[in-house]
Amino acid sequence: MGYSPAGDLVQAIGDAAGAKARELQSRREARDAEQLNEAVSKLREDNAANLAEKYALRAALAKLDPDHPLVVNAALRERIHQAGIRAIALTNDWEAAREAGETFRY
């Protein structure tokens, strides 16, 4: 098989198309990574806000009722924690996790 200008042209077009496809894939991956980082950042912020509120409420409860089970019973708090984890795992619904805490019997 000998030299073929058409073959060289096809190869050049294929190389350019491959480079463009790689560039587009890189852009998509960069956009996806940016969206994921934004989502993680939002979750971190929400978690920090919820944690701060939880401890503020716990401190207020401790002032009102220092012997309340939610203040003194770490095992109870862990069971509530686990109930919330199970609720979100089973339903993928934050309302279910909230209800797990609101309706927890102790």
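This text goes with the structure placed above it.
Residues numbered from 1 in each chain as written. Predicted model: local features only at pLDDT ≥ 70, side-chain atom pairs only at ≥ 80, totals over all residues. Heavy atoms only, no water.

### So, the overall build of the protein
Piece 1. Looking only at helices and strands, the protein features 4 helices and 0 strands.
Piece 2. Each helix (α) and strand (β) of the protein, taken in turn from the N terminus, gives the series α-α-α-α.
Piece 3. Here the protein has a C-alpha radius of gyration of 28 Å; the compact-globule value for 106 residues is 13 Å, and the former is much larger.
Piece 4. Considered along the principal axes of its C-alpha atoms, the protein spans approximately 90 × 25 × 20 Å.
Piece 5. Counting every position in the protein, which comprises 106 residues, the buried fraction comes to 10%. (Helix = DSSP H or I, 4+ residues; strand = E, 2+ residues; numbered from the N terminus. Rg over C-alpha atoms; globule rule 2.2 N^0.38 Å. Buried < 20%, exposed > 50% of the residue type's maximum accessible area, 1.4 Å probe, protein only.)

### Observations concerning unusual backbone geometry
Glycine aside, a negative phi is what most residues show, and trans is what most peptide bonds show.
Piece 1. We note that asparagine 92 has phi near 55 degrees; this positive angle belongs to a residue other than glycine.
Piece 2. Take asparagine 92: it is sitting in the loop between helix H3 (74-91) and helix H4 (94-102).

### Looking at the nonpolar core
Piece 1. In this structure, Leu76, Ile80, Ala83, Ala87, Ala96, Ala100 and Phe104 together form the largest nonpolar core, which totals 7 residues.
Piece 2. When contributions to this core are tallied by element, the ones reaching two or more residues are H3 and H4.
Piece 3. Setting aside residues up to four positions removed in sequence, phenylalanine 104 forms contacts with Leu76, Arg79, Ile80, Ala83 and Glu99. (Core = buried A, V, L, I, M, F, W, Y, C linked by side-chain atoms within 4.5 Å. Contact = heavy atoms within 4.5 Å.)

### Quick look at the side chain of histidine 68
Piece 1. Here histidine 68 shows up in the loop between helix H1 (5-64) and helix H2 (69-72).
Piece 2. With residues up to four places along the chain from it excluded, the contact list for histidine 68 reads Leu61 and Tyr106.

### Observations concerning the environment of glutamate 53
Piece 1. On the secondary structure map, glutamate 53 appears in helix H1.
Piece 2. Put simply, glutamate 53 and alanine 96 are 43 residues apart on the chain and 19 Å apart in space, counted from C-alpha to C-alpha.

### As for the environment of serine 26
Piece 1. Summarising the element assignment, serine 26 is placed in helix H1.
Piece 2. A C-alpha to C-alpha distance of 51 Å links serine 26 and valine 71, two positions 45 residues apart in sequence.

### Structural notes on H4
Piece 1. Residues of H4 that are buried include every one of Ala96, Ala97 and Ala100, and no others. The buried side chains of H4 occupy one side of the element, clustering within an arc of 100 degrees when seen end-on. Exposed side of H4, more than 90 degrees from the buried face: Trp94 and Glu102 are the residues found there.
Piece 2. Capping the start of H4 is the job of one residue whose side-chain oxygen sits 3.0 Å from the backbone nitrogen of glutamate 95: aspartate 93. (Arc of directions from axis to C-beta. Polar contact = N/O pair within 3.5 Å; in protein donor to acceptor, adjacent residues only side chain to side chain.)

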